[in-house]
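Read off the chains here:
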Amino acid sequence: MVSSITEETKEFIIHSNGEAGYVEVTSTSTLAEVRQFIIDEFDTEQLPSQSEPEEFAFKINGVRQSQKQESRKNAYELLEQQARVEIIPRGNNERKRKVDKDLVANDVSISGSKKRLKVDTCCAVTPFESSISGSNNSGGNKKATAKDEHAGGNAGDGDTSTTGTMDTSKTSSVGRPTNLDEKKCSTNDNKEKNDSDLDADQMDFNGDDIMTDDKADAQASDCDDDDDNVMMYGVENEGRKKNRGILNYFMSAEEIASLAKCHDEPTEDGAEKEASAAAPKSDDDSSDDDLLQDSAEVDTEGASNALVTEEENPHKEADEAKEKSRQVLKGLTDMLNAYPNFCSESRKDDWLEEINQLTKKSSPQTVFGVLGNTGVGKSSLLNGLLDEAAVLPTSGSRGCTAAVVELVYNSELLKEPDATVAEKFPVVPVYKGTVEFITLEDWKKELKVLVEECSTQEKYIYAIPPIDETSEAYAAWQKIEQVYGKGSMVPYCKQRTENVLHTLANDARVRSLLLSSDPGREYNAILVDAGEVVPASDAARELLRPYHQMKGRTRNKKKKWAMTFRQKINSYVYRKGNGNEPQTWPLIRKVTLEGPWHVLSTGAVLVDLPGVRDSNAARAKVAEKYLQNCNQIAIVAPIKRAVDDGTAKELLGEQFKRRLLMDGQYSNVFFICTQTDDLEPTETMRDHSDVAQEEPGRWEKMTELASEISSLEKQISDKLQEEEDLESQVEEFKQQYQEAVADLTEAQEESEDDEIDADQLENLKAIIATAKSFFKQSTRDLANWRDHNTASIKRDQEKCDIFQKQLKPLCAIVRNEYSKKCLQEDFRSGLKDLYRKDDDDDGGGDVDVNAALPEDFKMEVFGISANDYLKLMKIKPSRDGPPSCFSNPDDTQIPLLRSFVHKTTAKFCQDSVKTFVEQTNDLVEQMKLLCTDAGSDVSTGSARRMKQLHKSTVQTLSNQVKPIAKDFKKVLDQKVSSSLSSSLKSGARIGSQSAMSTVVSWGSTLKRSASERAPEKNGLYYSTYNAVARRDGVFTSKSAGAIDLNQELCDPMEKEFSTEWQSVLDSTIRRLLAESEQKILQLATSACQSFAQGLRSNGVAADRLGNMLNTANRSATTALKASFAQMRSIARDAQRELSRELLPAVQEKMKSSYTSVRNAQGGPGCFERMKGAMVSNAQRAVNNMFDSATDKLMKGIHSLIKRLELLLEATADIVGKSLESVFSICWDDNSDKTTLIDPQMQKLIQDCRNALLPELNRLQQIQGDACELLGIEREEVELDLVGVESLEQQLSRRVAEAEENGDLFDLCDSDADVPIPKKMTVKSEKGAARAKSPLKTSAAGVIDLCDSSSDSDFSHFEDDARNLYAAPVNVKTEAWL
């Protein structure tokens, strides 16, 4: 319901651009005050004039108001009069904003429960919505009087009737007020008044031409000075009835005549304008106007046509299927809890636990790691994907954090609030941030290194701060002062290092940041948030829509909240203030940001990875862990660098490519080329004409535009040359005139002393006059030329700019295509290089890389312009300037990249959702099977035999699975032994041989740089050498770049075994698991059939077994597929962990060498002693370093293989559990006959199941729809009962045979019909004796073989029978004396 209007304020409805909004006004509010609040609160895109927000006017019932009238008009009174208020551009029709007619004509309602924005002033403003609607007014459809029909005529849409009744639901008009308009504008209910939904623009008043909004707009200036005497529609005609209904929006006949008279007498200015408009234009002027108009439309409408590449949600089917399955699970839970008679308590508990486990399952997250150097545009890229102006700092804002930044979807916005917790609905933050700090111990370790960097060899702090910005001491000094404040190290100059370290480590502020207040948390964290909404409300759902679909008010709020959030988190994550005060960003371990970001709504997580070679071990470990677990890795680089030859190979780096290969991640990499708006069309057309010609007509269009630009530039240049010539002529005549005047002056001065010839004077004066005349004439010529050509030059320049705006996007698209092709080729070429172990290989020969990369694989490449996208979508403020290249957001490829993210998450979620739906379906089938099963009164002995049959079936299956598991292990062991093991040993040997040369190269006189490093040019400067040793071999230097001495030692060995590692532990394992899965699935189906046949032999009806068999087989299949998916995940994670064990092992062995370097004696020759200590200690370390690492890797590999073997063997138990969960209804509650079920209770149970069957059928239908959405087809398995005798058939046959042979005696507890035998032998069909026993029967002398309770003494007979029933063969039992 719409909030009721209070006595103090009322809602004043305003229309603009076909949309409607309202402001709250008081009894003293004027239109001028309403104007000011609109300017202050509304977005420019919500106003009719976006460039100049102040340049709009009010139109009251179709008549525009002057500013003088605005200051007089009382908004409260207009509301009482139910006047229609619009805001329009103040200029003429040419300046009027173009509005989509369909959008204007349609009436789209908005919820009446919209919350109003309250302010403590006379007006409160809410943004315009699509339109306003509310509850239906009972007076909305009334019969119009004859007078009203005469005045109103026929509706423009023809929706009238002969009875005069108007159907408001069928009337569609531009300005038609909705029911909510009527409700808000009405002040009382006058039942005698006639209402109408027809708009004035739709009514034909007896054929008279009335003034439409456009006409009123054109003639408004004529009426501005008429002040309050202007005839306003339904407001100021006292002769008209004061109707409170919607009819007050329309004019009476008198008002029409009066207003028409106003427009029939145009003013002089109006006549001049009409004459000017009627004047013919030349063809050139007309085409120019069309060109400029087209350009304007492109600029204003580009964003409205955006995002065409964002296709339909690829998660749609999966989300619908998942929602249906959750609905089914809820229905099953309610059923089990509400009907205790449905099943036994144990079965109920099992099912509820299974439902609970399924409900807890969520779609897996898809982690996108984003890698790139500083300044490549990563932050702008992420901001563009998130539709945010600056949640992440761009390079211009000097962001400082070196920690991992994780961007996550704020799912709390959609969680249904628990209304029972509190009376009011709780609110949740829109933006959330978690800033996690490193531990105090980690900071102490890093601080110790930093303080030592700032100390002399005598362990005293430097006397003055370091000034060499490239030195390691300077970087360490700066980092300490960043944490403790600028100038904080100066007081410690010349003090002992250990004292300074102790003081800094115990700083109260640092300790409060790094010590966790929660004993259960290892890392201290600070939470920040901004904005709040009620979860799952309309406001929350609106925030989660794509930005271009949000309403204006929502965008405003989102921008403000995002700005507040950025300000709050800035103080922790980024530079605080001017940088002089203590900073917290160097102490950050990880940052997690959550927000209403639609691109992440399908399960994507974007992770900004700063790098894994951080000097802080805690941050480096976090970054490495993320990189290891990423599902997709995005490499970000500027497109200008990406188009260079071989860049795809160089950007990744050889070591990083090896890591991708060993992790099985090579096919999960994609490139993002940024800054595509930065280009020169001339260069692109010169270098990539062949690419441009690949699309028909594109090159011709580009050359045509370039020709037009050149032609215009030549015309402009020629005209400017003409102007320059005229200016030169003016200067020349001016100079001549000045020289002539100077000559005359000089002559006159000389004439005072000597007489001068009068003719000479006259001649000079004539020269002056001539020069003056020429000067004036040239000045006039220049002025006339400018009058005639300035506008033409301006117009030509505008046309030239328009052509350039059309040409630049085409060139950018061509360059993107070229870059994509080059990067894809270089990427595959880089993989081939990894397979060539010999550095001297000339590249000859074919290299098969299909094991790591499918032959048809093409890496995804995106060329994006985040800045242009944000500007086109009006996310960035207009003060940042217009887009530099693109006019269509789709061309920026941000929408395309966003679509790729959604499709990728859909691919990763598909298997998870499918398993979830299948497991839910299995559960429904099991419950329905219990409900529909006719059942039978199974005896205790039969129940025991069935359970034993299940046990033997599982054992048989286990015996069949074990060879498959052993073959899996055997093949994998052979591959490891023949390929991987030899490569590891060879790599260890090569690593040992090259290690010492690498160690020696670190002290070479030929120094490395950040951009250049080679074996012969690998030396480090003294300070860098020392800094690296202090940090156990890992350091990032300004001069030498990223340094990892441990990795340099590992490189030769990793290069030797990386391809075999990928082949064996990735490709081979995946292939063998797939083969084993198919074999075990077939065995599981056979086991299900065999077990069903055994149950049939035990007397279970065939019709019961058919349904059970299919349910059990499907359940087993689902469980097995989930198990193999888990095996693949275990194998992947384990081999990735193993591949990373070499580096820490080498670092651990080298620590003694680094320690010896740090302990080297100072003074002259210190650097040589440091290098000598490094070499001597490394010599001892490398002797067994790689061999011991190899042994450790091999143990881990064999452990992984053994683990997979055991998991394969365990699949038999998984199948057995599925069989038991389904077939157990055959023997449940019958294995123990000591507790008898009351027949009345039995009837209650059956009645309960019969009553629940329709609901189960309904849930099964819903679940069937879910399966259909995902294309899941449930296989049907036929029960083969050929040659299988039922128990009744066996007994009948045996009785007939015994009677024929004269060996028949009573087996059914009747009185003794035959002599009591002394002994009895049970033997097989072949007659072999199976067991002998003296008869131990009752007085009647009966051997009970009918499963009565007295057969317990013959358990050994049952054992033999169970062994016989374990296999589906015919068994004959004979008894004789």
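Residues numbered from 1 in each chain as written. Predicted model: local features only at pLDDT ≥ 70, side-chain atom pairs only at ≥ 80, totals over all residues. Heavy atoms only, no water.

K.L.:
Help me understand the overall build of the protein, please; the structure alone is not making it clear to me.
P.N.:
From N to C terminus, the protein includes 39 helices and 19 strands. For the protein, buried positions account for 49% of its 1377 residues. Across the protein, every contact between residues at least 6 apart in sequence was considered, and the portion connecting residues at least 24 apart equals 79%. Surface accessibility of the protein: about 67,100 Å² in total, with carbon and sulfur atoms responsible for 48%. (Helix = DSSP H or I, 4+ residues; strand = E, 2+ residues; numbered from the N terminus. Buried < 20%, exposed > 50% of the residue type's maximum accessible area, 1.4 Å probe, protein only. Contact = heavy atoms within 4.5 Å. Areas by Shrake-Rupley, 256 points an atom, 1.4 Å probe, with all protein chains shown as cover.)

K.L.:
Help me understand a negative patch on the surface, please; the structure alone is not making it clear to me.
P.N.:
Side chains of Glu-345, Asp-349, Asp-350, Glu-353, Glu-354 and Glu-1220 sit close together on the surface and give a patch of like negative charge. In terms of residues, the negative patch owes the most to one element, helix α12 (residues 345–360), which gives five residues. On the accessibility criterion, Glu-354 (31% relative accessible area) is partly exposed. (Patch = residues over 30% accessible without salt bridge, like charges linked within 9 Å, V, L, I, M, F, W, Y side chains within 5 Å. Salt bridge = Lys/Arg side-chain N within 4 Å of Asp/Glu carboxyl O. Lys, Arg positive; Asp, Glu negative; His and termini not counted. Charge placed at Lys NZ, Arg CZ, Asp CG, Glu CD.)

K.L.:
What should I look at first to understand the pattern of salt bridges in this one?
P.N.:
The final tally for this structure, using the stated rule, is 45 salt bridges. Salt-bridge contacts for Glu-412 lead to Lys-432; the nearest nitrogen and oxygen are separated by 3.2 Å. Placement of Glu-412 in the loop between β8 (404–409) and β9 (428–437) and of Lys-432 in strand β9 is noted, with a sequence separation of 20 residues between them. Residues Arg-496 and Glu-498 are paired through a salt bridge, measuring 3.7 Å at the closest nitrogen-oxygen approach. Among the charged side chains, a salt-bridge network with shared partners connects Lys-448, Glu-452, Glu-453, Arg-1030 and Arg-1031.

K.L.:
Is there a simple way to explain the packing of aromatic side chains in this structure?
P.N.:
Aromatic ring pairs are reported here in terms of the distance separating the ring centres and the angle at which the planes meet. In total, this model carries 13 aromatic pairs according to the counting rule given. With a centroid separation of 5.2 Å and 55° between ring planes, the pair formed by Phe-862 and Phe-900 is classed as tilted. Residue Phe-862 is found in strand β15 (residues 861–863), and its partner Phe-900 is found in helix α29 (residues 894–932); the two are separated by 38 residues along the sequence. Exposure class is identical for Phe-862 and Phe-900. Each is buried. (Phe/Tyr/Trp six-rings, centres within 6.5 Å; stacked < 30°, edge-to-face > 60°.)

K.L.:
How should unusual backbone geometry be read in this particular structure?
P.N.:
Glycine aside, residues mostly have negative phi angles, and peptide bonds mostly take the trans form. Look at Asp-387: it is not a glycine, yet its phi comes out positive at around 60°. Mapped onto the elements of the fold, Asp-387 is located in the loop between α13 (378–386) and β8. In this model, Gln-675 sits at a positive phi of 60°, which is unusual for a non-glycine residue. With respect to the helices and strands, Gln-675 occurs in the loop between β14 (669–674) and α24 (681–687).

K.L.:
Would you mind going over the side chain of Asn-1018 with me for this structure?
P.N.:
Secondary-structure assignment places Asn-1018 in the loop between α30 (940–1001) and α31 (1022–1030). Engagement of the side chain of Asn-1018 in a polar contact is seen with the side chain of Ser-1001, the distance being 3.0 Å. In this structure the side chain of Asn-1018 is engaged in a polar contact, spanning 2.6 Å, whose partner is the side chain of Arg-1008. If sequence neighbours within four positions are ignored, Asn-1018 has contacts with Thr-998, Ser-1001, Trp-1002, Leu-1006, Arg-1008, Arg-1013 and Glu-1048. (Polar contact = N/O pair within 3.5 Å; in protein donor to acceptor, adjacent residues only side chain to side chain.)

K.L.:
How do you make sense of the packing of helix α14 (residues 440–453) against helix α16 (residues 497–505) when you look at a structure like this?
P.N.:
Packed helices, taken two at a time, are described by the angle between their axes plus the distance between the axes. α16 packs onto α14 with a crossing angle of 150° between their chain directions and a minimal axis gap of 10 Å. In the crossing of α14 with α16, the sense of the turn from one axis to the other is right-handed. The residues of α16 that touch α14, namely those facing Leu-440, Lys-444, Leu-447, Lys-448 and Val-451, are Thr-497, Leu-501, Leu-504 and Ala-505. Looking at the contact of α14 with α16, its residues break down into six nonpolar, one polar and two charged. (Axes fitted to C-alpha atoms, helices over the stretch in contact; angles between N-to-C directions. Left-handed = near helix turned anticlockwise from the far one by under 90°. Nonpolar A, V, L, I, M, F, W, Y, C, P; charged D, E, K, R; others polar.)

K.L.:
Explain the sheet that holds strand β13 (residues 632–638) here, please?
P.N.:
Pairing between the strands of a sheet is mediated by backbone hydrogen bonds and can be parallel or antiparallel. Overall, mixed pairing links the nine strands, which are arranged β10-β9-β11-β8-β12-β7-β13-β14-β15 in an open sheet. For this open sheet the edge positions go to β10 (525–533) and β15, each flanked by a neighbour on one side alone. Across the sheet, the axes of successive neighbouring strands diverge by a mean angle of 20°, strand direction being ignored. Summarising the sheet, β14 and β15 pair through three bridges and their orientation is parallel. (Pairing = 2+ DSSP bridges.)

K.L.:
I'm lost on the pairing of β9 in this one. Help?
P.N.:
The side chains of a regular strand alternate, first on one face of the sheet and then on the other. Most of β9 sits out of view: nine of its 10 residues are buried. Relative to β10, β9 runs antiparallel, the two being bridged by eight bridges. What sits directly across from Thr-434, in β10, is Leu-527. As defined by bridge partners, β9 adjoins strand β11 (residues 588–595) across six bridges and the pair is classed as antiparallel. Bridging from a neighbouring strand, Thr-434 pairs with Thr-592 of β11.

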